[in-house]
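These are the residues of each chain, in order.
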Amino acid sequence: MLHNGKLHCPLTILAAFLLMATLAMPTLAADEGEEADAADDDEQPDEGADDRDDQDDEDDNVLPDIDVSGESEDDEDDGTIAAGDTVVVTGTRTKRQASDAPVATSVVTQQQVENSGAVDAGDALETVPGVFVDDYETAGRGGPGSGVNLQGLPTDRILVLIDGQRMPWTMRAPDLELIPAELIRRIEVVKGPSSSLYGSDAVGGVINILTREPSADPTAELSLAGGSFNTYKGNAFHAWSAGGAGWVLNFNREQSDGWIDANASRAVVTMGEGVTDTLAVPYDDGHPYETNDLFGKLRLQVNPHLNLHTQARYHWEDNQFSDADDGAVSDNKTQLSGLAEATLELGSFSATLTGGHFRRYFRYREFSTAYVVNPLPPPDLLRSYVDKGNTTIGDESNGELLLSWALADWNMLTAGAHLRYETLDYSAFEHSAMTDDEQGYDAYQTVWSGFVQDEIFLFANVWSLVPGVRVDYHDAWGAVVNPKLSTLVKASASTALRASVGRAFREPTLSQLYRPIFRHSGYFMIGNEDLEPEEVLGWNAEIEQVFGSVVKATAGYFQYELYDMIWQEIIDSDYQNGLALMTYTNLKRARIYGGEGALNITPWRYVGLNLNYTYTKTLDLDEDTALGTVPEHNVGGQLFVDYRPWGLGGFVGATFQTERDYIGMGGLWYTADPRWSTTGRVYKTLGDHVELGLRVFNWLGYSWDREGDGDNDLQPTSYYGELKLSL
């Protein structure tokens, strides 16, 4: 299924930019309308709190409001620390109050992101129970990046969306560092198998990062920050609505000398045995990088029934490394995406047509050294140079039609069809004493899908039942059927029980299928065209209990039975010059299970305390061993203070993960030490337009050894001053 052609022109992205410019031009001369005076909740804090409590009581005793407007959700999140009953859309693809959502969903609001001082989407997710944010190589921002594990399942089994648009895998995980915090309106984390709505990759759940929306009044924000390692960051945001149009523009830039751990690990090869050790080589000071992110969104209300929405995003960055052994690394990333959407609403019926394109470009270059054990006396290491690199271009185009009908006040039917076309263009080279090789390949795949879901509300909203099923068809591995059943029981106004059971799948990536033999750092890797999709049966249950307006507690259990799990395997321990040859294979069985709990306490409207704990157990049932990859215990706590009468607030947070295993250089297993991560932030508002802040990372000064080589792989204690201007 190799393909010699390439997808050279992502026309959807170009069309999105042109549509934004075309629709925005008439609005410049349009009547700006009347500017409504914003109500200041802070002037009457007691009344505001009472109103929220009254509203929460009402929501618990009425039928859920059914909204058929799809995923274009414009409601603003509650600005308080203990956010109210937020509207969510990801779990069922329809708008639901969080308290009425039958699918377990955690929400991170814009206010929580701002108060915590999060820099990107990865930082913002640190507070979510069941989530473990994994820095692949903790070398400062701009490095290889960060992914997320959800309930024991790694990044490649979690579907990440931006405003409902897939972030494709393309040989590297969707990097959460690439999404600036200033752009985030809300993050919804749906837990459990979700292939019945979203198809491949949604094995452990879905993370939907929703960006900010146009505002009724003109909004302009300028955020500046600077601090340790000569790090400087700026973000400019603008949003407004005029007439029937509204738009959002955001630009983010960060540059830094960066930091790096003390040593780089170079492979030590013993002939006939492969990689048997690593050699620590001191890095030069710093890890210079720069990142840039440009985003635009435009909404147009054509008439009371038709809404048009388009957005585009361009992200580019450059990263550099060097070491004392004449080593130098350059790692560049570019992302370009576009989305166009039209929503038609006619009474209880809505139809949304969406088209999108996502391009990921990676360019990696490395000049370094490798060492071979000299078999002749005297024993020493023979040094050789390595000049290597690769370029990856991945394109993914999606089209979808989503239909929703509110058949009755107790029944909502949703159905849709989806088309996804993906291409991969990969080239690589290596020139060294061990090999002299240049190669590349193209591959493509097309996936057709259809899905249907029925939401049923029974006994005056006491019981909600949501069955659904999706069929995905691929011309290589055929059709995959993924059903799911979710339910919500409101035992009382303050007690809710949720449970889901479903089947999910993960298709092999193009690189796992078609990658030719190529040498990496200390091993060779080859694809496997005989790979089958992973099949997963998963279920979870959660109980939620609210104690007045002060305490909210949740506790849950999850379990996943994985069949034909795709995993790395050594197929020849001495393939060439003592280096192993690895490939991808389908394990027969694996199991992941555990429990999680969260406690949210709001003793006062200006103070919030979040505590969470996750226990995860992973098992390779073929080998009767642990899969590793995730910590068994993950504990976190966050304290928010936002005393608005004084314009003074702060945040302090800490997370702890126990040791975990992972596959590193040469296919060898490493055990990472337990890890503490601590962050803090204080801020002071000056009037209505100025905010000053100080953010601290690793304020307890902990170190962390990832590979047992004595290095510190955790960013040292660092400080950043912040200035935000708002109009």
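Note: the structure precedes this text.
Just so we're clear, the structure is a prediction, and the values are computed from it rather than from any experiment.

1. Here's the deal with the overall build of the protein chain
Of regular secondary structure, the protein chain possesses six helices and 37 strands. Of all 727 residues assigned to the protein chain, the portion counted as buried reaches 55%. Look at the contacts in the protein chain between residues 6 or more apart in sequence, and 64% of them connect residues 24 or more apart. Working note: accessible area of the protein chain is about 29000 Å², and carbon and sulfur atoms make up 57% of it.

2. As for the nonpolar core
One recurring pattern in soluble globular proteins: nonpolar side chains tend to sit buried together. The biggest cluster of nonpolar side chains holds 37 residues, and the ones touching the most others in it are L125, V131, I187, V189, I207, I209 and L562. When contributions to this core are tallied by element, the ones reaching two or more residues are helix 4 (121–124), strand 4 (131–135), strand 5 (146–150), strand 6 (159–162), strand 8 (184–191), strand 9 (205–211), strand 28 (551–576) and strand 29 (579–604). Of all the elements, strand 28 adds the most residues to this core, at five residues. Not counting residues up to four positions away in its chain, the partners in contact with I187 are S106, V107, V108, A121, A124, L125, I207, N208 and I209. Counting residues in hydrophobic clusters, the runner-up holds 15 residues, among them L424, Y426, Y514 and Y523.

3. What to know about the pattern of salt bridges
The tally for this structure, following the rule as stated, stands at 37 salt bridges. The partner of R186 in a salt bridge is E188, with the nearest N and O atoms 2.8 Å apart. Each of the two residues, R186 as well as E188, counts as buried. Taken together, the salt bridges that share partners define one network made up of D163, R185, E213, K297 and R299.

4. Digging into the sheet that holds strand 8
Sheet architecture is open: five strands sit in the order 3-8-9-6-7, paired in mixed fashion. Either end of the sheet is taken by a strand with one partner, and the two such strands are strand 3 (105–109) and strand 7 (165–166). Two elements, strand 8 and strand 9, share seven bridges in a ladder whose sense is antiparallel. Within strand 9, the residue paired with R186 across the bridge is L210.

Thresholds, definitions, all that
- Residues numbered from 1 in each chain as written.
- Predicted model: local features only at pLDDT ≥ 70, side-chain atom pairs only at ≥ 80, totals over all residues.
- Heavy atoms only, no water.
- Helix = DSSP H or I, 4+ residues; strand = E, 2+ residues; numbered from the N terminus.
- Buried < 20%, exposed > 50% of the residue type's maximum accessible area, 1.4 Å probe, protein only.
- Contact = heavy atoms within 4.5 Å.
- Areas by Shrake-Rupley, 256 points an atom, 1.4 Å probe, with all protein chains shown as cover.
- Core = buried A, V, L, I, M, F, W, Y, C linked by side-chain atoms within 4.5 Å.
- Salt bridge = Lys/Arg side-chain N within 4 Å of Asp/Glu carboxyl O.
- Pairing = 2+ DSSP bridges.

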